[in-house]
Amino acid sequence: AGEERDAEEPGPRTAAERATDRDGSAPLFRFDREETRRDRLAASAERAAGPWPLAGRLWAESRDSERLRTLLIAAGLGDRALRSVEGDTLGAALEGSRVLAVPLGEAVLRGGAEGTHEELAGSYRGVGEGGAAGPVVATLDGRRRRAAAFLTGDWTVPLAADLRLRLVGGTRWDRIDDRVATAGTAPGPADADDAVQDAWSPRLGANLLLDRPGRPPLALWLRAARAFKAPTLEQLFDPRPLPDFAGGTITLANPDLSPQRAADLELGARGATTAGPLLWEIAAYRTEVDDEIDFDPATFRYANIGATRHEGFEAEARLGRPDRLATTAAWTWQRVVPREGANAGRQLKNIPEHSARLTTTAALPADLALTATLSWLGNRWLDDAHRFPLGEATVIDLRLVAQRPWGELRLDLLNVAGEEHDELGLALPDFTGGEVPYCFPAPGRAAKLELAWDF
């Protein structure tokens, strides 16, 4: 598979710029552009026979990218640089399973391992006022190795003729080994070229299935898990130099970052009605995240400064049949708040507290399907202090899908009503002690054509 991207980036807009020219590009960002090519190749094999069925996969990916990007340092003040990156990734995974004979019910044991090796080389060039790139000011050359292994088991126990209990447990081990050499004018990452991080991620769950004759089944579940998210190579080692306004340079990268760690609890239910083809599902969750990685304005670099709580409720119902006419309604309430600091208890920036979606799919002649989706987002802020509301957004999208023997053709008509709204925002300090809100306007009406070819 191959993918090419050639996109201009207009940058964020102030309220005044958005009011006069919403679709234009701010002068500071007039040269911003990304050109990227990705190539992927994968192969898989399975052995279903024998006491231990096995499945294996190999994959490779290459990336070649150039991106001219302007970073806002303060309101109205930016720094331009051209980044060139070349990368190659090789990966392999093997998984096996076995059905075990147990006194009650049935148990299945699954285990596997995977690993990847990624090579990365890149450089930065300063960009002048005319858009021309200058000499190289920083370089990066390194690799990232990932290794993981997992073991899970589930045990299904019949409690009664129409009642089954399924217990699930397992753990996963991940290790990420980074070795990066950087050179440039900024201090910091060049002196710390190695980072090794590992973690165990256990999980437990219980599913209760009530399957009564002549009535739709009812399922209840409870899950608990721990997880981690490693910092990216960019957050750890990015050598891009930025002016420190004292004659020197600094970088945003921080090689001492620790992984984010989370503890998650979820419960839910799924069922259907007997009167008609109505399927429903509800779920509630709570996640505590520690060592969250975010930009620290006090040190002007990435740091483990966050401790957040994620809690929410999701509900979804589907009426009808997807192969004829079906409508799905979904609503999500989510609170994502810091657990400490000046903004503790306030919804984090750019995350909607409420979101809803209404989707209708109709099957048409000639193996065509038309889908209409109405999406709504509410209670959003572009800053954590809640000084600047981001506003609500209501968007209508259409998708026409043509199924053919050789693959699938998809046509998307996005934001067909031309709703003017903002996707993201941020607030930056100015030189008078105040803050200036910036927004990234969402595209207006747009069309996208995709071709999926099976061979």
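Conventions adopted
Residues numbered from 1 in each chain as written. Predicted model: local features only at pLDDT ≥ 70, side-chain atom pairs only at ≥ 80, totals over all residues. Heavy atoms only, no water. Helix = DSSP H or I, 4+ residues; strand = E, 2+ residues; numbered from the N terminus. Contact = heavy atoms within 4.5 Å. Salt bridge = Lys/Arg side-chain N within 4 Å of Asp/Glu carboxyl O. Buried < 20%, exposed > 50% of the residue type's maximum accessible area, 1.4 Å probe, protein only. Patch = residues over 30% accessible without salt bridge, like charges linked within 9 Å, V, L, I, M, F, W, Y side chains within 5 Å. Areas by Shrake-Rupley, 256 points an atom, 1.4 Å probe, with all protein chains shown as cover. pLDDT = per-residue confidence, 0-100. Pairing = 2+ DSSP bridges. 1 Å grid on protein atoms, 1.4 Å probe; cavity = no way out; pocket = protein on both sides within 12 Å on 5 of 7 lines; lining within 4 Å. Points joined across faces, edges and corners; volume = space filled by probe spheres on them. Nonpolar A, V, L, I, M, F, W, Y, C, P; charged D, E, K, R; others polar.

Trainee: Talk me through the overall build of the protein chain; I want residue IDs and the actual numbers.
Mentor: Looking only at helices and strands, the protein chain features 2 helices and 23 strands. C-alpha atoms of the protein chain, sized along the principal axes, occupy 75 × 50 × 50 Å. The long-range share in the protein chain, meaning contacts at least 24 apart out of those at least 6 apart in sequence, stands at 60%.

Trainee: Please give an account of the pattern of salt bridges that cites residues and values.
Mentor: Throughout the structure, instances matching the rule amount to 32 salt bridges. Glutamate 4 is the partner of arginine 37 in a salt bridge, and the nearest nitrogen-oxygen pair spans 2.5 Å. You can see arginine 37 sitting in strand β3 (residues 33-47) and its partner glutamate 4 sitting in strand β1 (residues 2-8), a full 33 residues away along the chain. Given the relative accessible area of 37%, arginine 37 is considered partly exposed. Relative accessible area serves as the criterion here: at 62%, glutamate 4 is assigned to the exposed category. Among the salt bridges present, the one from glutamate 61 reaches arginine 40, with a minimum N-O distance of 3.8 Å. Highlighted residues: glutamate 61 in strand β4 (residues 54-74) and arginine 40 in strand β3, separated in sequence by 21 residues. Salt bridges linked by common partners bring Arg286, Glu288, Asp290, Arg309, Glu311 and Arg339 together as one network.

Trainee: Report on a nonpolar patch on the surface, specifying residues and quantitative values.
Mentor: Nonpolar side chains collect at one region of the surface, where Leu364, Leu370, Leu400, Trp406, Leu409, Leu411, Leu413, Leu449, Leu451 and Trp453 lie side by side and expose about 930 Å² of accessible area between them. Note that tryptophan 453 resides in strand β23 (residues 446-453).

Trainee: Can you explain the confidence of the model for the protein chain? Please cite residues and give values.
Mentor: On average, residues of the protein chain score 89 in pLDDT, and 97% of them are at 70 or above. Here residues 186-192 is a poorly scored stretch, pLDDT under 50, and it has 16 contacts once near neighbours within four places are set aside; other chains count.

Trainee: Any chance you could break down the sheet that holds strand β21 (residues 422-429) for me, citing the residues and the numbers?
Mentor: Overall, antiparallel pairing links the 3 strands, which are arranged β2-β22-β21 in an open sheet. The sheet is open, and its two edges are formed by β2 (13-14) and β21, each paired on a single side. Taken together, the 2 bridges between β2 and strand β22 (residues 435-441) define a ladder with antiparallel strand orientation. In the strand pairing of β22, threonine 14 is matched with tyrosine 438.

Trainee: Before we move on, can you summarise the pairing of strand β7 (residues 133-160) with the specific residues and values?
Mentor: Relative to β7, strand β6 (residues 106-127) runs antiparallel, the two sharing 21 bridges. For valine 108, the partnering residue across the bridge sits in β7 and is aspartate 154. Counted along the chain from β6 to the antiparallel partner β7, the turn is 5 residues long, and its residue glycine 131 has a positive phi close to 95 degrees.

Trainee: Now, about the layout of surface pockets: what can you tell me, with residues and values included?
Mentor: By rolling a water-sized probe across the atoms, one finds the places where empty space is left. Estimates place the volume of the second largest pocket at around 350 Å³. Contributions of two or more residues to the lining of the second largest pocket are made by β13 (260-272), β14 (278-296), β15 (301-320), β16 (325-338) and β17 (354-364). The element contributing the most residues to the lining of the second largest pocket is β14, with 7 residues. Counted by class, the lining of the second largest pocket contains 11 nonpolar, 3 polar and 7 charged residues.

Trainee: Describe the environment of leucine 400, listing the residues and the values that go with them.
Mentor: With respect to the secondary-structure elements, leucine 400 resides in strand β19 (residues 393-404). Residue classification places leucine 400 among the partly exposed residues on the basis of a relative accessible area of 33%. C-alpha of leucine 400 to C-alpha of glutamate 46: the two residues are 354 residues apart in sequence and 35 Å apart in space. The residues touching leucine 400, leaving out its near neighbours within four places in the chain, are Leu364, Leu368, Ala369, Leu370, Leu409, Arg410 and Leu411.

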